[in-house]
Amino acid sequence: MSTTIGSAPARAAEGGREAAAAGYGLAVLRIVAGVTFLHEAAWKIPPAFGQPDGSGLWEWANFAIEHPVFPPYTALVEAVVLPLFPFFGWAVFLLEAALGGFLILGLLTRLWGALGVVQSLAIAFSVVNVPGEWAYAYYLFTAGLIAVTLGAGGRRLGLDQVLRPRWSLSDAPLARLALRLS
Amino acid sequence: MNGGIRTAALVLGVLGVLSGAAGFAVSAGQPFTAAEGARVGELFHLNPLGSLVSVVLGLVAIAGAAARLRVVVLVAAAGWLLAALQVVLQSGREPNLLGGTASTLALFLGLGAGLLALAVAPETPDAAAPATADT
C-alpha cells in the first residue's frame, strides 16, 4: 500500500499526528486550569470564609454587588448567595478543590471542564469590573475551559486516556456514564 | 492490573511520594501536627504529619502497582480519600492534623479518586492489547 505524500495512508498518518498534537495542547490547557484552581482554593478558609471581618470569599462575593457585571447574577448573589453564604462558601471550597484535583489528573474531564466553565463565569461576573483587575484574564480562563470541555482534554496525558478503553468494555451504567463524562 | 492502568497507578504513587517529600522540605521545624501547614511552592499546604501520610500512601500505591495487586492500590485510594475527609472536617480550625487547606484537598481528592478509578477499572481481555484509538 502506498505511503507516498498524498496517499490515503499518508493522509491518515498526518491526521493522526495533528489530532495527537491538538490533544497534547488541550492537556496543557487542562493542567494549567487545574493548577490554577488548586492554587486559588487555598484562600477559601472554612468555616466562616471571611464573613465576620469582610475578607476572603465573603469580600469577593460582595464584589458582584459593589462592581456589577451582569445584573441577573448580581440579583442572584444579593437574593440567594449572600443570605445562604455558609452553604455557598462550602460549595466553592469543595468545588474548586475537586476542579483542581480532577482537571490536573484528567479524570472525567468533560464533567469537570463544564463545571469549571460555570465556576469561571461566576468568578468573572463577580470581579471583572473591580478596579485593578485584568478582565481578559478571566475571559481567557473561561475560553480555555470551554476548549478543554469540548475537546475532551483528558484523553492525552490524563487518566481518561487510560480508563476509557476499559470503560468501553463494560455494560455497567456507571461505565457508560463515565464514557460520556470523559 | 495491566498496561496503562499499572503505569498510571505508579505515576500517582510517585506523585504522592514527591508531594510528601516536598512537604517535609518546607515544613521542617514546624510542630508535627501544626494546624497551618507550610506551603509547597504556590500549591498545597502540609505539616510534617501530612507529609508523612503522603509519602506512606504514595509508597503503598507504588507497591500495589508494582505487584499488580488492585486491593493494595485500593487501600492507598481509601487512605487518600480519608485524608481528604480530614481536610474537610478540620481545615481552617484547630486541630488540623495534616495542616491542609482546600489546595491540599485538591491533591488528596485527585490522588484518591484517581487510584480508586484505576483499581476498579475492568481489565482488558488481553494484557498486551493496545488502548482503543479514541484519543
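Residues numbered from 1 in each chain as written. Chains lettered and ligands numbered in written order. Predicted model: local features only at pLDDT ≥ 70, side-chain atom pairs only at ≥ 80, totals over all residues. Heavy atoms only, no water.

1. Comments concerning the overall build of chain B
- When its secondary structure is counted, chain B shows 4 helices and 2 strands.
- Taken from the N to the C terminus, the helices and strands of chain B come in the order α-β-β-α-α-α.
- For 135 residues, the compact-globule estimate of 2.2 N^0.38 gives 14 Å, and chain B sits close to it at 16 Å.
- Within chain B, the fraction of its 135 residues that count as buried is 50%.
- Contacts in chain B between residues at least 24 apart in sequence constitute 65% of all its contacts with a sequence separation of at least 6.
- Working note: accessible area of chain B is about 5600 Å², and carbon and sulfur atoms make up 72% of it.
- If you average the places of the 5 positive and of the 6 negative side-chain charges in chain B, the two averages end up 6 Å apart. (Helix = DSSP H or I, 4+ residues; strand = E, 2+ residues; numbered from the N terminus. Rg over C-alpha atoms; globule rule 2.2 N^0.38 Å. Buried < 20%, exposed > 50% of the residue type's maximum accessible area, 1.4 Å probe, protein only. Contact = heavy atoms within 4.5 Å. Areas by Shrake-Rupley, 256 points an atom, 1.4 Å probe, with all protein chains shown as cover. Lys, Arg positive; Asp, Glu negative; His and termini not counted. Charge placed at Lys NZ, Arg CZ, Asp CG, Glu CD.)

2. Quick word on unusual backbone geometry
Residues and elements named next belong to chain A.
- Each neighbour pair has its own omega, and for Pro46 with Pro47 the value is 0°, a cis peptide bond.
- In this structure, Phe49 is a non-glycine residue whose phi angle is positive, near 50°.
- Within the fold, Phe49 resides in the loop between α1 (8-41) and α2 (56-66).
- Looking at Phe49, the relative accessible area reads 2%, which means it is buried.
- One non-glycine residue, Leu108, lies in positive phi territory at about 55°.

3. Remarks on the interface of chain B and chain A
- Of the residues lining the interface, 38 residues belong to chain B; the matching set on chain A comes to 31 residues.
- The tally of links from chain B across to chain A stands at 0 salt bridges.
- Among the secondary structure elements, those contributing two or more residues to the side of chain B that touches chain A are α1 (3-27), α3 (70-90) and α4 (102-120) of chain B.
- The element contributing the most residues to the side of chain B that touches chain A is α4(B), with 12 residues.
- Each residue belonging to the side of chain B that touches chain A can be placed in one class, and the counts come to 21 nonpolar, 12 polar and 5 charged. (Salt bridge = Lys/Arg side-chain N within 4 Å of Asp/Glu carboxyl O. Nonpolar A, V, L, I, M, F, W, Y, C, P; charged D, E, K, R; others polar.)

4. Some details on the pattern of salt bridges
Residue and element names in this part refer to chain A.
- Tallying each qualifying case throughout the model produces 3 salt bridges over all chains.
- Across the salt bridge formed by Glu14 and Arg17, the nearest N and O atoms sit 2.9 Å from each other. Pair noted here: Glu14 and Arg17 are both in helix α1, with a separation of 3 residues, about one helical turn.
- Look at Glu14 and you get partly exposed, because its relative accessible area is 35%.

5. A look at helix α8 (residues 173-181) of chain A
Residue and element names in this part refer to chain A.
- Every buried residue belonging to α8 is among Ala175, Ala178 and Leu179, and all of these are buried. For α8, the arc enclosing every buried residue in end-on projection is 100°, short of the 170-degree limit, so these residues lie on one face. Opposite the packed face of α8, turned more than 90 degrees from it, sit the exposed residues Pro173, Leu174 and Arg180.
- The elements touched by buried residues of α8 are α7 (159-167). (Arc of directions from axis to C-beta.)

6. Observations concerning a nonpolar patch on the surface
- A surface patch of nonpolar side chains, about 370 Å² in accessible area, is lined by Leu76(A), Val80(A), Leu84(A) and Phe87(A).
- With a relative accessible area of 48%, Leu84(A) lands in the partly exposed category. (Patch = residues over 30% accessible without salt bridge, like charges linked within 9 Å, V, L, I, M, F, W, Y side chains within 5 Å.)

7. Some words on the environment of Leu140(A)
- Take Leu140(A): it is sitting in helix α6 (residues 135-150).
- Expressed as a C-alpha distance, the spacing of Leu140(A) and Ser120(A), which sit 20 residues apart in the sequence, is 10.0 Å.

8. Let's talk about the packing of aromatic side chains
Residues and elements named next belong to chain A.
- For the coordinates displayed, the defined rule picks out 14 aromatic pairs over all chains.
- Measuring from centroid to centroid gives 5.1 Å for Phe87 and Phe88, while their planes differ by 85°, and the two rings are edge-to-face.
- Look at Phe87 and you get exposed, because its relative accessible area is 56%.
- Overall, the relative accessible area of 25% leaves Phe88 in the partly exposed class.
- Of the aromatic side chains, those joined through ring pairs into one cluster are Trp43, Trp60 and Phe63.
- Seen from the ring of Trp43, Lys44 lies directly overhead, with NZ or CZ sitting 3.9 Å from the centre.
- Against the face of Tyr24 rests Arg156, its NZ or CZ located 5.3 Å from the ring centre. (Phe/Tyr/Trp six-rings, centres within 6.5 Å; stacked < 30°, edge-to-face > 60°. Lys NZ or Arg CZ within 6 Å of the ring centre and 35° of its normal.)

9. Notes on the environment of Ala106(B)
- Tracing the chain through its elements places Ala106(B) in helix α4.
- Residues Ala106(B) and Val26(B) lie 80 residues apart in sequence; the distance between their C-alpha atoms is 19 Å.
- Not counting the four nearest positions on each side in its chain, Ala106(B) is found in contact with Leu38(A), Ala97(A), Gly100(A) and Gly101(A).

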